[in-house]
Amino acid sequence: MEMSDDMLYKSTRGGEEASSAQAIVQGLADDGGLFAPEVFPQVGLETLAGLDYCAQAEKILGLYLTDFTKEEISGCVRAAYGLKAFPEGPVVLRDVCPGLSVLELWHGPTSAFKDMALQLLPRLLTTAMKKTGEEREVAILVATSGDTGKAALDGFADVKGTRIIVFYPSDGVSDIQKLQMVTQTGGNVSVLAIEGNFDDAQAGVKDIFNDEGLGKKLAGEGFSLSSANSINWGRLVPQIVYYFAAYAEAVARGHIKAGEKVDFAVPTGNFGNILAGYYAKHMGLPVGKFICASNANNVLADFITTGRYDRKRAFHKTLSPSMDILVSSNLERLLYHLTEGDAAQVATWMAQLAQNGCYDIGAENLRRLQEEFYGCWVDDALTQKTIATVFDKYGYLLDTHTAVAWLAAETYRAATGNDAHTIVLSTASPFKFTHAVLAALGVPEEKAGGPFTALAELADISGLKIPLPMQALANMPVLHKDILQPAQMKTAVLEILQKR
């Protein structure tokens, strides 16, 4: 695809078009679709060689955010990825064993890969608001399965001109994830638990966006709605960068030669992380296969195997809760690209999903899908076994989500005989899921004790340091205690915003 001077974004379900700034401010298209770039801009790998992470980000973001100036992009990037937020640098590539590296994406303030986007998104959003003339206060609505919530809260806390409301499943996150959210300070933040799972929270947020009457009411009161979930293009586009950064580092270390293909194994729930890699590949990054790793909520693994997406199945609470998702929003963008921009077909599939709980993409689209993706799922028992095995054999400690991706990579390599260098994306610090990781290492929950005793125990066993923000949680008061039914989400949003 050739690149035009100005990148336009089109709804995955219809004809609506937007600039990058408009897409970031708006979050979701008016027809319920997601904004997707009309072309894949191309980047030469040689232009990124030798650059630090910020410089790589500036080049890649500049190809997509064509209505931002170079100075605006640079200012946002340098502020987001500085030493204050990322004292060890934004990403760290670990060479764990021959042929397999782990890309640690969790060295930001909340110890999750979501920081890679959510330290940048508030800066992109406030810049975009000025560019589009948006004078209303922007209300950011977030559904989270654990990590996005805290990362968004940290990024948007006390950001002028914004309010942020986070919904999380009351019993669907780890102890540390919950503590990170319910202790969040900031005059513009609200955190609400819901009785239900992530899909309930996500459906509630989408319903609020799609309620025209509510939107008009909020507009009349001086608010516009936007999102910090990866349905917002401003959340997704920063994630493209670390695929290029990982590849460049693998070349620099001699694991591969420039131009040689690598495979990426990605723990996947809402499909945003792995989709960013798909964009990188179609921009010119040499990728052989994306290994889409699921837990027992294996709707994506089944979809990649059969071409049929079916959310009508049991929902499982697992040891990798950030992947406990049955409706993967970002898959819609992939379908749009697989069908070469057939928005009518995508809209039909999304309607079928809403009405019947399933859709089938057909043989030709399945063939295209399987050319690029391999689906695999891993249950809790194998997740724990993988954590123990990798720690015993290599001295490297995986969190529960990264362990799923690790075993999926091993499964793919064994099944296909493929020996391409593989990079496993590590999405969270093992300290975020302390009890589950300790159990994998032979320490039962009753012996591990409360969350802070467990943090100390894991640090002692692993020799790793507890992230400082997690240590600080022990002395922070709980500020957010409300628990709602999903049907109460709209009313809650109205009440919070009307309080000012």
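It should be noted that the structure appears before, not after, this text.
The structure contained in this document is the topic of the report that follows.

Cut-offs and rules
Residues numbered from 1 in each chain as written. Predicted model: local features only at pLDDT ≥ 70, side-chain atom pairs only at ≥ 80, totals over all residues. Heavy atoms only, no water. Phe/Tyr/Trp six-rings, centres within 6.5 Å; stacked < 30°, edge-to-face > 60°. Helix = DSSP H or I, 4+ residues; strand = E, 2+ residues; numbered from the N terminus. Buried < 20%, exposed > 50% of the residue type's maximum accessible area, 1.4 Å probe, protein only. Lys NZ or Arg CZ within 6 Å of the ring centre and 35° of its normal. Pairing = 2+ DSSP bridges. Contact = heavy atoms within 4.5 Å. Axes fitted to C-alpha atoms, helices over the stretch in contact; angles between N-to-C directions. Polar contact = N/O pair within 3.5 Å; in protein donor to acceptor, adjacent residues only side chain to side chain. 1 Å grid on protein atoms, 1.4 Å probe; cavity = no way out; pocket = protein on both sides within 12 Å on 5 of 7 lines; lining within 4 Å. Points joined across faces, edges and corners; volume = space filled by probe spheres on them. Nonpolar A, V, L, I, M, F, W, Y, C, P; charged D, E, K, R; others polar. Parallel < 35°, antiparallel > 145°, perpendicular 65-115°, else oblique. Left-handed = near helix turned anticlockwise from the far one by under 90°.

It is worth spelling out the packing of aromatic side chains at this point. One pass over the full model with this rule turns up 22 aromatic pairs. Where Phe264 meets Phe290, the ring centres are 6.3 Å apart and the plane angle is 20°; that geometry is what we call stacked. Here Phe264 is found in strand E10 (residues 262-267), whereas its partner Phe290 is found in strand E11 (residues 287-294), with 26 residues between them in sequence. You can call Phe264 buried: its relative accessible area is 0%. Take Phe290: its relative accessible area is 0%, and that puts it in the buried class. Ring centres of Trp349 and Tyr359 lie 6.0 Å apart, and the angle between their planes is 20°; on these two criteria the pair is classed as stacked. Of this pair, Trp349 sits in helix H15 (residues 343-356) while Tyr359 sits in strand E13 (residues 358-360), placing them 10 residues apart in sequence. Linked through ring pairs, Tyr9, Phe40, Tyr64, Trp233, Tyr242, Tyr243, Phe264, Phe271, Tyr278, Tyr279, Phe290 and Phe373 together constitute an aromatic cluster. Across from the ring centre of Phe68, 5.6 Å away, lies the NZ or CZ of Lys131, which sits over that ring.

This part is about the sheet that holds strand E3 (residues 35-37). Read from one edge to the other, the open sheet built from three strands follows the order E2-E1-E3, with strand pairing classed as antiparallel. Every interior strand has two partners, whereas the edge strands, strand E2 (17-18) and E3, have only one. Seen against the sheet, helix H14 (residues 331-338) touches strand E1 (9-11) and E3 and runs at an angle of roughly 45° to E3.

On to the side chain of Thr400, then. Within the secondary structure, Thr400 is located in helix H18 (residues 400-416). At 2.7 Å, the side chain of Thr400 and the backbone oxygen of Leu319 are in polar contact. A distance of 3.3 Å separates the side chain of Thr400 from the side chain of His401, its partner in a polar contact. If sequence neighbours within four positions are ignored, Thr400 has contacts with Leu319, Ser320, Thr383, Ile387, Phe433, Ala436 and Val437.

The next subject is H14. Burial within H14 is extensive, with eight of its eight residues counted as buried. Taken together, the buried positions of H14 are occupied by Leu331, Glu332, Arg333, Leu334, Leu335, Tyr336, His337 and Leu338. Phi turns positive, to about 55°, at Glu340, one or two residues after H14.

Over the atoms rolls a probe the size of a water molecule, and in doing so it shows where empty space is left. Here the largest pocket is characterised by a volume of approximately 780 Å³. Around the largest pocket, the lining is made up of 32 residues, and of these Glu88, Trp106, His107, Gly108 and Pro467 lie nearest the centre. Elements supplying a minimum of two residues to the lining of the largest pocket: helix H3 (70-80), helix H6 (147-156) and helix H22 (468-472). Per-class residue counts for the lining of the largest pocket are 16 nonpolar, nine polar and seven charged.

On to the packing of helix H2 (residues 53-64) against helix H11 (residues 239-252). At a minimum axis separation of 9 Å, H2 and H11 run at an interaxial angle of 135°. As summarised for this structure, H2 and H11 are arranged oblique, according to the angle between their axes. Crossing hand, H2 versus H11: right-handed. Contacts between H2 and H11 involve Tyr53, Gln56, Ala57, Ile60 and Tyr64 on the former and, on the latter, Ile240, Val241, Tyr242, Phe244, Ala245 and Ala248. Residues that form the contact of H2 with H11 fall into these classes: 10 nonpolar, one polar and no charged.

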